[in-house]
Amino acid sequence: DLSRRLPAGKSGDEFDRLALSLNSLLDRIETLNSGVRDISNNVAHDLKTPLARLQARTENALAGKKDAKYLKATLQSNLQETEALIRTFNAILTISKLESGSVLANRDIIELDPILSDVVELMEPAAEAQSVALVFVANQPVALAVNRELIAQAVLNLIENALNHAGPDNQKIEVALTLATNNKIAISVTDEGVGIPKHLRKTAMERFMRLDVSRSSSGTGLGLSLVKAIAEAHGGWLELSDNEPGLKAVIYLPKPGT
């Protein structure tokens, strides 16, 4: 019964410390078991529809005589669907590796400013296409031992999330690098869209979780969960809050020596 816990007193002796450690272990096991059940259900739901589309298009292309133009269009659609499925599986594998601690061997002390600046520059065309101003602000240079590719992926995911889900009222997305007062480095992405209600923010960071309960919108529901896994793998965390209006997503990372 994973819901049971060992009693722990307030004396702080070795028995209390052991009980607290075991309870923490049981909490983690219970969370992982629950996550496995949820992920299995969501994977089956999210992958069934694109696979059914692939099958239907392929069967239709094979039925009767079709011209070359139609067959080429079908192959292009199938290729796009396949690439989306591969991205989904890659995200799942990356999250699993991060949680197991097996992908952070290559960490170097590097400046964060150029990483964020490069990601913003990469995403500027997509922002301009939606008439959104994408701005990068850094109050001072910050160097940290990080995996460059993972940090870039996390910021990219946050910007994509803002572009995809911030709503029609979104006018500006700001990426900021600051030194927080709690001995943490803060990388924030803020938008001016519809935001996420407070009671749904924790849910939004879970795997395959979407605010669109009908699951009819595009996306896999893995973007924020991947950012959360990257932050935690670096000893930090992801925090969602109200930007008044819009959403403020902040990756907090520990400063060197803390």
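Let me begin by describing the structure that accompanies this report. (Residues numbered from 1 in each chain as written. Predicted model: local features only at pLDDT ≥ 70, side-chain atom pairs only at ≥ 80, totals over all residues. Heavy atoms only, no water.)

### Points about the pattern of salt bridges
Working definition: two side chains of opposite charge can pair if their charged atoms are close together. Considering all chains together, one arrives at seven salt bridges under this definition. With a shortest N-O distance of 2.7 Å, Arg5 and Asp27 are connected by a salt bridge. Taken together, the residues span a long stretch of sequence, with Arg5 in the segment before α1 (14-62) and Asp27 in helix α1 at a distance of 22 residues. With a shortest N-O distance of 4.0 Å, Glu174 and Lys172 are connected by a salt bridge. Judged by relative accessible area, Glu174 falls into the partly exposed class, the value being 26%. Because the salt bridges share partners, they merge into one network encompassing Arg5, Asp27 and Glu30. (Salt bridge = Lys/Arg side-chain N within 4 Å of Asp/Glu carboxyl O. Helix = DSSP H or I, 4+ residues; strand = E, 2+ residues; numbered from the N terminus. Buried < 20%, exposed > 50% of the residue type's maximum accessible area, 1.4 Å probe, protein only.)

### What to know about the sheet that holds strand β5 (residues 184-190)
Strand order in the open sheet made by the five strands is β2-β4-β5-β7-β6, with mixed pairing throughout. Each end of this open sheet is capped by a strand with a single partner; those strands are β2 (133-138) and β6 (237-242). With strand direction ignored, the average angle separating the axes of adjacent strands in the sheet is 15 degrees. Note: strand β4 (residues 172-179) against β5, six bridges, orientation antiparallel. Each bridged residue has a counterpart across the sheet, and for Leu177 the counterpart in β5 is Ile187. In this fold helix α3 (residues 112-129) packs onto β2, β4 and β5, with an angle of close to 175 degrees to the strand it touches most, β2. (Pairing = 2+ DSSP bridges. Axes fitted to C-alpha atoms, helices over the stretch in contact; angles between N-to-C directions. Contact = heavy atoms within 4.5 Å.)

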